[in-house]
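# Secondary and tertiary structure notes
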Amino acid sequence: MMKIAVTYENGQVFQHFGHTQQFKLYEVENGELVSSWVVDTNGSGHGALAGFLRECGAEVLICGGIGGGARNALAQAGIQLYPGVSGDADAQVAALLAGSLQYDPNTVCAHHHNHGEGHNCGAHGHDCGGHRC
């Protein structure tokens, strides 16, 4: 059984990993989708999300933009990353399973928050807070 996570909002791949409020998780067995459900991140952001996904058992992440720190955290957690994806979340998972997912392995986001602090997504370490998946 393999678990795929997708940054998620209103059926679409959410475009900012560090700010996603939900993931849609998909269980796959023998290349076939078995089940899927949406989990709330309960306000976790940036670095804590890699731990959250690891606790959920995710082995693969499909997302839009993602920063260098988050990339490193996911790599340390052993989660395979497919960044630079947009569109319908279910369709993107189907494309991954079919071997036709369009993604950009070089996608990186760097941004400035409202409080004026400039940094890459995932640059902060946060406590996961014991989420349930």
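Everything numeric here is computed off the predicted structure, so don't read it as measured data.

### What to know about the confidence of the model for the protein
Looking at the protein, the pLDDT average stands at 83 and 79% of residues meet or exceed 70. Throughout residues 112-133 the model reports pLDDT below 50, and contacts reaching past four residues in sequence, or to other chains, amount to 55 contacts.

### Section: the packing of aromatic side chains
Inspection of the entire model under this criterion finds three aromatic pairs. Note on F23 and F52: the rings are 5.9 Å apart at their centroids and 25° apart in plane angle, and the pair reads as stacked. With F23 in strand β3 (residues 22-29) and F52 in helix α1 (residues 48-56), this residue pair connects regions lying 29 residues apart in the sequence. Taken as a pair, F23 and F52 share a single burial class, namely buried. Taken together, the ring pairs in this structure connect F17, F23 and F52 into an aromatic cluster.

What counts, and where the lines are drawn
- Residues numbered from 1 in each chain as written.
- Predicted model: local features only at pLDDT ≥ 70, side-chain atom pairs only at ≥ 80, totals over all residues.
- Heavy atoms only, no water.
- pLDDT = per-residue confidence, 0-100.
- Contact = heavy atoms within 4.5 Å.
- Phe/Tyr/Trp six-rings, centres within 6.5 Å; stacked < 30°, edge-to-face > 60°.
- Helix = DSSP H or I, 4+ residues; strand = E, 2+ residues; numbered from the N terminus.
- Buried < 20%, exposed > 50% of the residue type's maximum accessible area, 1.4 Å probe, protein only.

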